[in-house]
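Structural characterization, general
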Amino acid sequence: MENKEILKTLNDIFNDIFDDDLLILTSNTTAEDIEEWDSLNQIKLIIECERAFNIRLKSRDINILDNIGEMVEHLSKVIG
Amino acid sequence: MLFNDPLFLFLFLPIVVFLFHLIRRTIGGEASMLLIVIASIFFYGWWNPPYLMLLLGSVLFNYAVTHQLLKKPSKLLLTVGIFINMAILGYFKYRNFFMENIGLLLGESWQFEEIFIPLAISFFTFQQVALLIDAQDGQIKRVKFLDFATFVILFPQLIAGPIVLYREMDKQLQSLRKDGGVGLSLFGLGVVTFILGLFKKVALADGIAPFADSVFGVADQLTMLEAWGGVIAYTLQLYFDFSGYSDMAVGLGMMFGLLLPINFNLPYRATSMIDFWKRWHITMTRFFMMYLYSPISLSIMRKSILNDWSKHKQFLLAIVMPIVITFLASGLWHGAAWTFVIFGAVNAFGLIVNHAWREWKLPKPHTFFGWLLTMLTVMISFVYFRADNIANANIIILAMVNPESFVLPNWLSYYADYFGISWYTLSVFSSGTYTVRMVGWIIVLVLFSLMLKNKPLHLNKIQPTIGLAISSSVMLWMALGWLDEPSTFIYFQF
Amino acid sequence: MDTEWRKFISVSLPIVLIFIALLAEVFAYLLKDAPLRRHDLDRLVVALKEGKSINAPTILLGDSITQDVLKSYRIASTGEVANLTTNKASGVVGSMFLLKRYLKKNTTPKRIVIASTPEFFGHHPTGKAAEIYLTSVFNKTEERSWLLKNINNVSNSKKIDPAILNIENKIGYKALALFALTPDSLIEGDEMPNKMPALESSSVHSSIQRGINGRSNEPLILSKIVGTALTNICKMIPKIDLYFVMAPMPKTTYLKRKEKGEIDSLRNKLFEHLNDSCSNIDFIDINEYRVFPDIAMRDPDHLRRPGWTAEYARLLKEIIIKLSSKNY
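These figures come from a predicted structure and were not determined experimentally. (Residues numbered from 1 in each chain as written. Chains lettered and ligands numbered in written order. Predicted model: local features only at pLDDT ≥ 70, side-chain atom pairs only at ≥ 80, totals over all residues.)

Before going further, it helps to examine the overall build of chain A. Helix and strand counts for chain A stand at four helices and zero strands. Order of helices (α) and strands (β) in chain A, N terminus to C terminus: α-α-α-α. Radius of gyration (C-alpha) of chain A: 11 Å, near the 12 Å computed for a compact globule of 80 residues. For the C-alpha atoms alone, the extent of chain A along its principal axes is close to 30 × 25 × 20 Å. Across the 80 residues that make up chain A, the buried fraction comes to 24%. For chain A, restricting intrachain contacts to residue pairs at least 6 apart in sequence, the fraction spanning at least 24 positions comes to 57%. (Helix = DSSP H or I, 4+ residues; strand = E, 2+ residues; numbered from the N terminus. Rg over C-alpha atoms; globule rule 2.2 N^0.38 Å. Buried ≥ 20, exposed ≤ 12 C-beta atoms within 10 Å, placed from the backbone. Contact = placed C-beta atoms within 7 Å.)

If you look at the interface, chain B gives 15 residues, while chain A gives eleven residues. Of the residues forming the side of chain B that touches chain A, the biggest block, ten residues, is contributed by helix α12 (residues 282–306) of chain B. Residues belonging to the side of chain B that touches chain A are distributed by class as follows: nine nonpolar, three polar and three charged. (Nonpolar A, V, L, I, M, F, W, Y, C, P; charged D, E, K, R; others polar.)

With that settled, consider the interface of chain B and chain C. Every contact between the two is made by 29 residues of chain B and, on the other side, 27 residues of chain C. Looking at the side of chain B that touches chain C, the elements that each hand over two or more residues are α9 (187–216) and α19 (466–482) of chain B. Sorting elements by how many residues they give to the side of chain B that touches chain C places α19 of chain B first, with ten residues. Among the residues making up the side of chain B that touches chain C, the classes are represented as 18 nonpolar, eleven polar and no charged.

It is worth spelling out the nonpolar core at this point. Counting 156 residues, the largest nonpolar core has I195, F199, I208, A233, I396 and A479 of chain B as the members making the most contacts within it. The element best represented in this core is α9 of chain B, accounting for 19 residues. Viewed by domain, this core spans two of them, domain 1 (6–181) and domain 2 (204–482) of chain B, each represented by three or more residues. With residues near it in sequence (within four places) discarded, A233 of chain B still touches I208, F211, A212, M438 and I442 of chain B. Within the second largest apolar cluster, 71 residues are counted, among which are A56, F121, Y133 and F244 of chain C. (Core = buried A, V, L, I, M, F, W, Y, C linked by C-beta atoms within 7 Å. Domains from an automatic or database assignment.)

Turning our eyes to something else, we now look at the domain arrangement of chain B. All names here are of chain B. Per the domain assignment, the segments of chain B are domain 1 (6–181) and domain 2 (204–482). Inter-centroid distance (C-alpha atoms) of domain 1 to domain 2 is 28 Å. Taken together, the contact pairs 22 residues of domain 1 with 20 residues of domain 2. Among the secondary structure elements, those contributing two or more residues to the side of domain 1 that touches domain 2 are α1 (6–26), α4 (75–105), α5 (121–137), α7 (155–158) and α8 (166–179). Its residues placed into classes, the side of domain 1 that touches domain 2 shows 14 nonpolar, six polar and two charged.

A separate point is the packing of helix α2 (residues 29–47) of chain B against helix α6 (residues 145–153) of chain B. All names here are of chain B. Viewed as axis vectors pointing N to C, α2 and α6 meet at an angle of 40°, and their least axial separation amounts to 9 Å. Compared by their axis directions, α2 and α6 come out oblique. Judged by the sense of rotation from one axis to the other, the crossing of α2 with α6 is left-handed. Along the contact surface, α2 presents E30, M33, L34, I36, V37, S40, I41 and Y44, while α6 presents L146, A149, T150 and I153. Partitioned by chemical class, the residues of the contact of α2 with α6 number nine nonpolar, two polar and one charged. (Axes fitted to C-alpha atoms, helices over the stretch in contact; angles between N-to-C directions. Parallel < 35°, antiparallel > 145°, perpendicular 65-115°, else oblique. Left-handed = near helix turned anticlockwise from the far one by under 90°.)

With that settled, consider the sheet that holds strand β4 (residues 241–246) of chain C. All names here are of chain C. Read from one edge to the other, the open sheet built from five strands follows the order β2-β1-β3-β4-β5, with strand pairing classed as parallel. Strand pairing shows two members of the sheet lacking a second neighbour, β2 (81–83) and β5 (280–285), which therefore form its edges. This sheet shows a mean twist of 20° between the axes of neighbouring strands, independent of strand direction. One ladder, built from five bridges, connects strand β1 (residues 58–62) with strand β3 (residues 111–116); its direction is parallel. Paired with L61 across the strands is I114, a residue of β3. Most of the contacts of helix α13 (residues 307–325) go to β3, to which it runs at about 160°, and overall it touches β1, β2, β3, β4 and β5. (Pairing = 2+ DSSP bridges.)

Quick look at the confidence of the model for chain B now. Residues and elements named next belong to chain B. Mean pLDDT over chain B stands at 89; residues scoring 70 or higher make up 97%. Model confidence for chain B, summarised as mean pLDDT per element, is weakest for strand β2 (residues 423–424) at 82 and strongest for helix α15 (residues 367–386) at 96. Low pLDDT (under 50) marks residues 486–494, which in the prediction has 13 contacts with non-local residues, meaning those over four places away or in another chain. With a pTM of 0.86, the predicted complex shows an ipTM of 0.87. (pLDDT = per-residue confidence, 0-100.)

Shown next as structure tokens:
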């Protein structure tokens, strides 16, 4: 799966979880940029990603990512 | 030896920094790492030589386990490794607490001999446990012993954090070994950060401490205003003490060309409990999030989706329960007493309410109101954190809210009589001058806590201007001037 | 390190640090002769030096229990009583120095009244208290040498004391003097109120009660240095009338001491010691006129304000009137 596709799917997931259709993700977006980000939403994010990409994620791997760009990279690696 | 010890400031630190960079330049990065390890061992050993053995033993044991886990991951070995680490921590820090409470349950009152808790045992135990888990996960590829030892024993963060993750240090240490790392490029910023931390701890925290102490020392004699004054004073003291220390740690790391994570981000600007815990003791929150909360919450959440649980059931089991577990654990991590458990519980409660509010999409309160509620919750949890025991904490909180405890001091008797408010001679606000000084300290520190930015991760935002030289110099002189002040000589109380 | 930071660390920061330290020294030097204004004793010393003459017939010495009261209440008409009360920390020794300074600019009084707790006579300050209330206040040559000779623990060493590390004393408190009005008179309270303020009757906190009980068990002594100071006071003014007035004590303490005969014992010690130096001594115990219950105290030594302090002031005023009328 190409990174561009991953980013788009991820964006959709974010729009859904944070209830904000105007939210647009870039490689540089970080947790600080999204006001509603918290531990609970992070869990939901992981679950949705697992569903959407049919993978299994470890929370620790997600915690340590600095921005969306790194997340896309990580997802790409797991998807294979 | 603490960071605010003259021996450290004027002897140990300059010598070690000088030798470090000299060796780095002349012999090489690896040798300079060795110097840091030796210096750190000396630093720790200064406190209590016997427990140095424990620290070194812990490092050797954990290195061996890590090495094996990297060769071949094994759940069993990991479990055993974690268990032994926790058992040692449990023995030193929690044995008496544990046994005394078992005794109480059985109706006995057992007394145990005080066990001397080895300094920093909570920090270096947790740091290494995280590393073991990371090794099992494959987060770390390989570790040299010197790097491992440096990571654990590094004196800037050994005693009081921040809690560093190995992956944060890995690249930096490799770079240091290969070509000397970033060398002196962070040195200036390190000095400035260290001075800020020293000022916060020695001038601000230690300055307001006596006022907080005077209130918490007479819990059963407090009126409403005194209780509030003391609790606010302590809230400020705790922040400046801890963030000061964290700043010093980061500053020291930078003097050696190492970037340690920051621990605070203007926490008293938080407008919600969730926001607060993103800003307070960041590395500890991160640790508990990563290794306790998230794994539990994630696995239960998955189950809840699989089995299609109701929203309420999901919230209770996948969110409330992990939060409670995490915060009771982190409360207890601070100290072996029920007051720390309640500290954790109060915060857990605040967070649960916050999450529930968001989950059920209730209307967002005005920012100011959110800030007020957050600060109140946090301050109440701090009362338990500071009080000698639960009973005293309860008394203090009662004084804060009980209308009957609203009494004016005798030096305001004229106004009190005019408004029909009762007055008598108070224990803490016994004189006008003392009260005014305390209020003055509170106002100044509140302003500082809201405006003095914690050093940002984006380093090039700080420019070495004359203004910075002036503010740093003033802070340094103030800190040095207050350095050997044992406690305020309160001679205006006659 | 990039050049900007290098310049900062090696040039800007050190220069600014040294500059600020030097600036502090300059200020300290400019303020060298300004008096310290840290506490009431400092204020008193300045008032004696700069203020107008008082020439009062009665001099009142004593500790903070009395000084506290006189801040709010007047016990005599203007010019009748010179208020030289201080606190336990500066002690009878401090009172002696104050008296000496007073006499340099004022006429000889007819009588000296020492209104204090009995502990005033058993105590002399050491260490940091001595530094703050004696040596840093009374620093004329003859005063210093007396202190060095008679009190241990008084340091004479001039250690290195850069102004920047001691801003409080070298600049702060002296700068205050510039802004504070020069006191031209001694502390005098307002008129006695027509209606006496209410006497507080709420119970005493447990820690204060403990302190009162502890105080009850402490023996009353006349220390050697205090004895010397008292003798000097008498010698300063030949044929002076000297009156000892025992300030209010909490009932528990008073009864215990009466029981053990401590008050009489102190009285006898004072009389015996001053037999040769003073011609006319008397001893008045306020607690015999009125018993002050434990609830009158805000701490083991001091009275609650404003009611109980007004009560003490009232009694002291009566005593002063009586003593003044005794005379020719």
